[in-house]
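# Fold and contact review
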Amino acid sequence: MKIPPVLVALLSLGSLARADVKLPAIFSDHAVLQCETSVPVWGWAEPGEEVSVSLGTQTKTTKADAAGKWRVNLDKLTTGDGLTMTVKGKNTLTITDVAVGEVWLGSGQSNMAMTVNRALNFEQEKAAANFPKIRMFTVRSGAAKTPQEDCHGSWVVCTPESVGGFSATLYFSGRELHKVLGVPVGLINSSVGGTPIESWISEEAQRSSPELKAFFDLQAIGEKAFDPVKAKAVYEKQLAAWKEAAKQAKAEGQAAPRAPRDPVALRGRKGDVGGLFNGKIAPLIPYAIRGTLWYQGEANSTPEKAPYYQHQLPLLVKDWRARWGAEFPFAWAQLPNYGGARDWPTVREAMLKTLALPKTGMGINIDIGEAKDIHPRNKQEAGRRLALWALGTVYGKKGATSGPLPAGHEVRGSEVALKFSHVDGGLLAKEGELRGFVIAGEDRQWKPAAARIDGEHVVVTSPEVPKPVAVRYAWENWPTCNLYNGAGLPASPFRTDDWPAK
């Protein structure tokens, strides 16, 4: 059988395309590579094709395996910028304006995705954002059914014109690092609003966790009850009604009501179990990073989900570290004060408990939330607090790294003495006497408590509880609390009991 000439030409072009050396999107112009560590560079080529990677005075050579995959490891790099990476096989790729410095991955849901142009004082931040050595790579790909090898995205240099689209929490953290360390900073933003933590952990890790079996039993019930056809029909009716209401509002010079959300599309964006890990984290592995910053938890604060967060957050940390093959530093933003009706104290407590893992940290944000907005605008302070942890624990700089954390307690007759770590500069009550403590006896009835500072301790009492057994601090979605350290950082909410939380 004679093959048509046009088909021969197309097959030839396809063969040439497959033979071309290719890099993942994360290796592109303006990229920042991690300093002081071996740096993996990988990609695809024709099976058996020889590939070389050159950067500065280094050249590493390898051959693509039977699947067409290849990888080299560059020796430790020193900080710098204006470099060119050249990758050669049967074709040549040139990556320009490469910098070497500190690389941090930021992930989570909407408060990590929230951009600088929505944060406080955007016009002032925009005018000051001339930082050519700060670059951000935003992962544009969505959820996937299986782990992906590549993603969509590009490195963007920080300028007044570009900074508005940067993740605000990640940018303000990175800016602080850049100012103190004086080196290039690369920020990788892989986040999606409204997404639960189970979308961000590999399905394999979650399904093998005995602590999450009951969680997945509940998930299965919800999946079985969801009918996409019926949900779509209901949405279309709601959308039609909304269009009429919006039209009428416009005619009357009023703001349009909020549009309904497509439940089928929303479920797809959130991804199934592990879906966002597959589409937005797996393609980044094994890119060399210094550490990870996480801002998520809101979507897991429902009463049925919140109790499992204490197992999910440490699982995420361990799973990502295992897949990268490195115990890199990992910190998260603790959920701030908020006036909503969900169970934020339980999620905050899970974040506090996860500090038991090595090389972890937490930015405490109990004083910078907004009562009616789940997306507080003061991302400058949220980012700065994460940077303080990194500067002190990762880079060895002097200074406070956290607000006060509970470090044990002792019942002394009619009072309870609470000990704290991270009391830099001493414990203090901001604006008046200490507030936010409640105390209970064996009857588990919580009563408002008086509290006083005694060195590194806070002593809590109440005339209504002569024989106390437990204390809680700031154990509300929107607590009235004011315990700080001398560095001006707030104490974390906590409790000394393990009673079923209401």
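Here helix α4 (residues 168-181) crosses helix α12 (residues 379-394) at 45°, and the two axes come no closer than 7 Å. With respect to α12, the element α4 is oriented oblique. Crossing of α4 against α12: the hand is right-handed. In contact with A168, T169, F172, S173, E176, L177, V180 and L181 of α4, α12 contributes K379, Q380, G383, R384, L386, A387, A390 and L391.

Let us now look at the sheet that holds strand β17 (residues 437-440). Read across the open sheet, the four strands follow the order β18-β17-β21-β23; overall the sheet is antiparallel. Each of the sheet's edge strands pairs with one partner strand only, and the pair in question is β18 (447-448) and β23 (494-495).

Let us look at the sheet that holds strand β20 (residues 457-461). Across the sheet, four strands lie side by side as β14-β15-β20-β19; this open sheet has antiparallel pairing. Strands at the two margins of the open sheet, each flanked by one partner only, are β14 (405-412) and β19 (450-454). Geometrically, the sheet is characterised by an average inter-axis angle of 25° between neighbouring strands, direction not taken into account. Sheet analysis places β19 next to β20, joined by five bridges and oriented antiparallel. Residue pairing across strands places A451 opposite V460, the latter belonging to β20.

Turn by turn, an α-helix covers 3.6 residues, leaving residues three or four places apart pointing in a common direction. A large share of helix α11 (residues 344-353) lies buried, amounting to nine of its 10 residues. In the core, the buried residues of α11 are packed alongside α10 (309-324), β12 (330-333), β13 (360-363), β14 and β23.

Right, let's get into the pairing of strand β8 (residues 131-138). Judged by how many residues are buried, β8 sits mostly within the fold: six of eight residues are covered. As paired strands, β8 and strand β10 (residues 185-191) are joined by five bridges and run parallel to one another. Counted as the bridge partner of T138 is N189 from β10.

The next thing to look at is the nonpolar core. Judged by nonpolar contacts, the single largest core of 97 residues is most densely connected at M85, I188, Y287, W320 and F437. Broken down by element, the residue count for this core peaks at seven residues, all from α10. Once you skip the residues sitting within four places of it in the chain, W320 turns out to touch L105, S107, W200, F277, I281, T292, W294, F328 and F330. Formed by 29 residues, the second largest nonpolar core is a distinct cluster that contains A119, F131, L187 and A387.

Here α10 crosses α11 at 40°, and the two axes come no closer than 8 Å. Overall, the two elements α10 and α11 adopt an arrangement that is oblique. In this structure, the crossing between α10 and α11 has a hand that is right-handed. Of α11, the residues touching α10 (which contributes Y309, Q310 and L313) are V347, A350, M351 and K353.

Looking now at the state of the cysteines. Under the counting rule described, the total for this entry stands at zero disulfides. Not engaged in a disulfide, the cysteine C35 finds its nearest cysteine sulfur in C158; these two sulfurs lie 19 Å apart. With relative accessibility at 1%, the residue C35 sits in the buried group.

Before going further, it helps to spend a moment on the packing of aromatic side chains. In this structure the tally under the stated criterion is 20 aromatic pairs. Measuring from centroid to centroid gives 5.7 Å for F137 and W155, while their planes differ by 55°, and the two rings are tilted. Residue F137 is located in strand β8, and its partner W155 is located in strand β9 (residues 155-158); the two are separated by 18 residues in the primary sequence. Ring centres of Y171 and F172 lie 5.2 Å apart, and the angle between their planes is 55°; on these two criteria the pair is classed as tilted. In terms of burial, Y171 and F172 fall into one category: buried. Through a chain of ring-to-ring contacts, the aromatic side chains of W200, W294, W320, W324, F328, F330 and W332 assemble into a single cluster. Above the ring of F216, the side-chain terminus of R207 is found at 4.3 Å from the ring centroid.

Cut-offs used in this document
- Residues numbered from 1 in each chain as written.
- Predicted model: local features only at pLDDT ≥ 70, side-chain atom pairs only at ≥ 80, totals over all residues.
- Heavy atoms only, no water.
- Axes fitted to C-alpha atoms, helices over the stretch in contact; angles between N-to-C directions.
- Helix = DSSP H or I, 4+ residues; strand = E, 2+ residues; numbered from the N terminus.
- Parallel < 35°, antiparallel > 145°, perpendicular 65-115°, else oblique.
- Left-handed = near helix turned anticlockwise from the far one by under 90°.
- Contact = heavy atoms within 4.5 Å.
- Pairing = 2+ DSSP bridges.
- Buried < 20%, exposed > 50% of the residue type's maximum accessible area, 1.4 Å probe, protein only.
- Core = buried A, V, L, I, M, F, W, Y, C linked by side-chain atoms within 4.5 Å.
- Disulfide = S-S within 2.5 Å.
- Phe/Tyr/Trp six-rings, centres within 6.5 Å; stacked < 30°, edge-to-face > 60°.
- Lys NZ or Arg CZ within 6 Å of the ring centre and 35° of its normal.

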